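Descriptive analysis of the structure
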Amino acid sequence: MSSVAVVADADERTHLLHTSTPSVLYGGASVGDEEIVHSSSSNEPVGSRPNSAGPNERLASLDVFRGLTVALMILVDDAGGAFPSINHSPWFGVTLADFVMPFFLFGVGVSIGLVFKKITSKPSATKKVILRTTKLFLLGVVLQGGYFHGRNHLSYGVDVQKIRWLGVLQRISLGYLFASLLEIWLVNNIAVDSALTFVRKYYIQWMATCLLGFVYMCLLYGLYVPDWKYEVITTNTSSATPRYGSGIQIVHCGMRGSLEPPCNAVGLVDRFFLGGQHLYQHPVYRRTKECSVHSPDYGPLPLNSPEWCLAPFDPEGILSSLMAATTCAVGLHYGHIIIHFKGHMQRVFLWSMSSFTLLISGYFLNLLGIPLSKPLYTLSYMCITAGASGFLLTIVFYIVDARHVKRPTMVLQWMGMNALIVYALAACDLFPAALQGLYWRSPENNLVDGTESLLQVMVHSRKWGTLAFVVLEILFWGLVAGFLHMKGFYIKL
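Quick caveat: nothing in here was measured; it's all calculated off a predicted structure.

The next point concerns the overall build of the protein. The helix and strand tally for the protein stands at 14 helices and four strands. Within the protein, the proportion of its 493 residues that are buried is 55%. Taking the intrachain contacts of the protein between residues at least 6 apart in sequence as the baseline, contacts between residues at least 24 apart amount to 72%. A total accessible area of about 21,400 Å² is found for the protein, and carbon and sulfur atoms account for 65% of it.

Here it is in structure tokens:
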């Protein structure tokens, strides 16, 4: 999960979409003359008065936040099989893995709030945003569309009739587009000198965000979901019960307002616009009790499993991406606080209040019957995860930028400054799969599997050996990112 740094033309130095690239730079014609990150003087307490910073000063805590998100993604992706409790929730509920996507989206929003501080030409800025959105979306299709098969598959290629069009980077690109358009077109041109003027400057953005969330909720609960059918893929029948076999399966719905796996509006919209063959073929609900004897892990189908267990479903679907985009808008609000409130402790207080409000709202929405669900990106899930994102950024900001404790987080900062390449090579398994292509006599005898097996033997545990391997993997990519940083090499779109 990751993002893109953008370096504009010679007269504009703008890093857009920072969920994974060099840090947000403050300075340059398009960003403005104000400095964002300030250090306190030796005569005043931390956060009481900002000092000036260099024109290219970056918000180190945002780098660390991005790096921590990438590291967390590698952890849950590669160790989730050994520890199902940290893997994505099968449908309802929230686990550690379910915070990764919101963290990325939130970071994108914060960065946009810092980048578009001053805009000389709205049409020009919009064109650049659309171009970068397109680049990021297409990169996501290349990485997650099925062309690369990942670890333990020494092959590549995809049937164009079965390309997966949606995915992590695609969702991030859509959130980036929404938040950028808010910041370019829906900001009142007034100076902020009080809480009231802050609200007056950005209230239209908040209204547009609420409207988007309202549209999502109306569609989620209002669309009628009829009976539908899908074709069981032959490779899936090895774990199927005799009732499946191969061929067409019919899922009986005929209802509206359902949030269960088979009959929700999110799946309906994706099947209508994309077709089932272009959706994710291994959805998380295959780990539910209805669909796996090893729930919450994957496993054989129970004898009485329902007909929808082998159906495709995309966790980054079209309709759910509407609500996901609101997470970027929340991050945008946090970026605005950085711009207009200069004291470190002032920012910490305002961020904490905003995060607490989101968490409480999510909790009460869950009590009122809107469950937490990452695949559907429900309103309660958005509030809980956005609030957690805000609290995490607040803690990191206080440690790294307010207290200047940077050495312990240096590896994460390096990863955050070049997170796109780490995401592509590590989280998308391009590098491990390439290493597995070099083996001794048998494909199982390769450096990747050999190292993991050795660690499992050393700790006398399969799952703890896997965890040790993943920790070493994260450290390895942190050092790689540090080397690239020292060489001044960054991946930019």
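Another point: the environment of Ser-361. Within the secondary structure, Ser-361 is located in helix H8 (residues 344-367). Classification of Ser-361 by relative accessible area gives partly exposed; the value is 30%. Between the alpha carbons of Ser-361 and Met-382 there is a distance of 9.9 Å; along the sequence they are 21 residues apart.

Below, the discussion takes up the nonpolar core. Of all hydrophobic cores here, the largest spans 117 residues; its most connected members are Ile-74, Ile-172, Tyr-377, Met-415, Val-422 and Tyr-423. For this core, the leading source of residues is helix H7 (residues 318-340), giving twelve residues.

This part takes up a nonpolar patch on the surface. On the surface, Val-142, Tyr-147, Phe-148, Tyr-156 and Val-158 cluster together into a nonpolar patch covering about 470 Å² of accessible area. Relative to the helices and strands, Tyr-147 resides in the loop between helix H3 (122-144) and helix H4 (168-185).

Here the focus is the confidence of the model for the protein. Within the protein, residue pLDDT values average 84, and 86% of them lie at 70 or more. In this model, residues 1-56 is a region of pLDDT below 50 whose contacts with residues beyond four sequence positions or in other chains number 196 contacts. Counting contacts from residues 236-242, a segment whose pLDDT is below 50, to residues more than four positions away or on other chains yields 14 contacts.

Our next topic: the state of the cysteines. For the structure shown, the criterion picks out two disulfides. Two residues, Cys-253 and Cys-263, share a disulfide whose sulfurs are 2.1 Å apart. Note on the Cys-253 and Cys-263 pair: the S-S dihedral is about -85°, so by sign convention the disulfide is left-handed. On the criterion of sequence distance, the pair formed by Cys-253 in the loop between strand E3 (247-251) and strand E4 (255-256) and Cys-263 in the loop between E4 and helix H6 (265-273) is long-range, its members being ten residues apart. The same class applies to Cys-253 as to Cys-263, namely buried. Assigning the bonded cysteines of the protein consecutive numbers by sequence position, one obtains the connectivity 1-2, 3-4.

Let's shift gears to H3. Note on helix geometry: an α-helix contains 3.6 residues per turn, so any two residues three or four positions apart are oriented the same way. Taking 1.5 Å of rise per residue, the 23 residues of H3 would be expected to cover 33 Å, and the 32 Å separating its terminal C-alpha atoms lies within 8% of that figure. Tucked into the core, H3 has its buried residues touching H4, helix H11 (419-427) and helix H12 (430-436). Sitting at the head of H3, Ser-121 places a side-chain oxygen 3.4 Å from the backbone nitrogen of Ser-124.

Take helix H13 (residues 447-459) next. In this model H13 runs 18 Å from its N-terminal to its C-terminal C-alpha over 13 residues, within 8% of the 18 Å that 1.5 Å per residue would give. Two to three positions downstream of the cap, the backbone nitrogen of Val-448 sits 3.1 Å from a side-chain oxygen, assigning the N-cap of H13 to Asn-446. Looking one or two residues beyond H13, the residue adopting positive phi is His-460, at roughly 60°.

Tracing the backbone through its elements, the reader meets Leu-154 in the loop between H3 and H4. Considered as a pair, Leu-154 and Ala-433 are 279 residues apart in the sequence and their alpha carbons are 7.1 Å apart. Not counting residues within four places of it along the chain, the set of residues in contact with Leu-154 comprises Ala-433, Gln-436, Gly-437, Tyr-439 and Pro-443.

In this structure, the amide linkage connecting Ser-295 to the following residue, Pro-296, adopts the cis form with an omega of 10°. With respect to the helices, strands and loops of the structure, Pro-296 is situated in the loop between H6 and H7. With a phi close to 50°, Tyr-377 is a non-glycine residue in the positive phi region. Along the chain, the position of Tyr-377 falls in the loop between H8 and helix H9 (379-402). Exposure remark for Tyr-377: the relative accessible area of 0% places this residue in the buried category.

Applying the stated criterion across every chain, the model contains four salt bridges. Between Glu-316 and Lys-374 there is a salt bridge; the shortest N-O distance is 3.0 Å. A residue pair is termed long-range when its members are at least 10 positions apart, and Glu-316 in the loop between H6 and H7 and Lys-374 in the loop between H8 and H9 qualify at 58 residues. Assessed through its relative accessible area of 6%, Glu-316 is described here as buried. Here Lys-374 falls in the buried class, since its relative accessible area comes to 8%. Several salt bridges share partner residues, and in doing so they unite Arg-164, Asp-314, Glu-316 and Lys-374 into one network.

The next point concerns the packing of aromatic side chains. All told, the structure shown has 22 aromatic pairs when counted by the stated rule. On the basis of an interplanar angle of 70° and a centroid distance of 5.1 Å, the ring pair of Phe-83 and Trp-464 is categorised as edge-to-face. Of this pair, Phe-83 sits in the loop between helix H1 (60-79) and helix H2 (100-115) while Trp-464 is found in helix H14 (residues 462-486), placing the two residues 381 residues apart along the sequence. Classification of Phe-83 as buried rests on a relative accessible area of 14%.

Right, let's get into the side chain of Thr-288. Tracing the backbone through its elements, the reader meets Thr-288 in the loop between H6 and H7. Thr-288 gets classed as buried once you look at its relative accessible area, which sits at 8%. When sequence neighbours within four positions are dropped, the list of residues in contact with Thr-288 reads Pro-90, Trp-91, Ser-295 and Trp-308.

What follows is about the packing of H6 against H7. One way to put it is that H6 packs onto H7 with a least axis distance of 6 Å and a crossing angle of 120°. With respect to each other, H6 and H7 are oriented oblique. Taking contact as the criterion, the partners of Ala-265, Val-266, Val-269, Asp-270 and Phe-273 in H6 are, on H7, Ile-318, Leu-319 and Ser-320. Its residues placed into classes, the contact of H6 with H7 shows six nonpolar, one polar and one charged.

Rules and cut-offs
- Note that residues are indexed from 1 along each chain, following the sequence as it is written.
- Only residues with pLDDT of 70 or above have their local features reported here, since the model is predicted, and side-chain atom pairs are shown and tallied only from 80 upward, although totals for entire chains, interfaces and linings are computed over all residues.
- Side-chain calculation: all heavy atoms of the structure are included, whereas hydrogens and water are not.
- What counts as a helix is a DSSP run of H or I of at least four residues, what counts as a strand is a run of E of at least two, and both are numbered from the N terminus.
- Three exposure classes are used, based on accessible area relative to the maximum for each residue type with a 1.4 Å probe and protein chains only: buried under 20%, partly exposed in between, and exposed over 50%.
- Any two residues whose heavy atoms approach within 4.5 Å at even a single point are treated as in contact.
- Each accessible area is a Shrake-Rupley estimate made with a 1.4 Å probe; only the visible protein chains count as cover when residues are assessed.
- For the purposes of this section, nonpolar cores are sets of buried Ala, Val, Leu, Ile, Met, Phe, Trp, Tyr and Cys residues that join through side-chain atoms within 4.5 Å.
- Patch construction takes residues with relative accessible area above 30% that form no salt bridge. Like charges are linked within 9 Å, and nonpolar side chains (Val, Leu, Ile, Met, Phe, Trp, Tyr) are linked within 5 Å.
- Salt bridge, as used here, is a side-chain nitrogen of Lys or Arg placed within 4 Å of a carboxyl oxygen of Asp or Glu.
- Per residue, pLDDT measures the predictor's confidence, with a range of 0 to 100.
- Throughout, a disulfide means two cysteine sulfur atoms within 2.5 Å of one another.
- Take the residue count of a helix, subtract one, and multiply by 1.5 Å to get its expected span.
- Side-chain atoms alone can form a polar contact between residues adjacent in sequence; in general such a contact is a pair of N or O atoms within 3.5 Å, and within protein one must be able to donate a hydrogen while the other accepts it.
- What counts as a ring pair is set by centres within 6.5 Å for rings of Phe, Tyr and Trp (its six-membered ring), and what kind of pair is set by the plane angle: stacked under 30 degrees, edge-to-face over 60, tilted for all other angles.
- Structural elements are reduced to axes, namely lines fitted to C-alpha atoms, with helices fitted over the stretch in contact, and the angle between N-to-C directions of any two is expressed from 0 to 180 degrees.
- Roughly parallel covers angles under 35 degrees, roughly antiparallel covers those over 145, roughly perpendicular covers 65 to 115, and oblique covers all other angles.
- Asp, Glu, Lys and Arg are counted as charged, while Ala, Val, Leu, Ile, Met, Phe, Trp, Tyr, Cys and Pro are counted as nonpolar; the rest, among them Gly, fall into the polar class.

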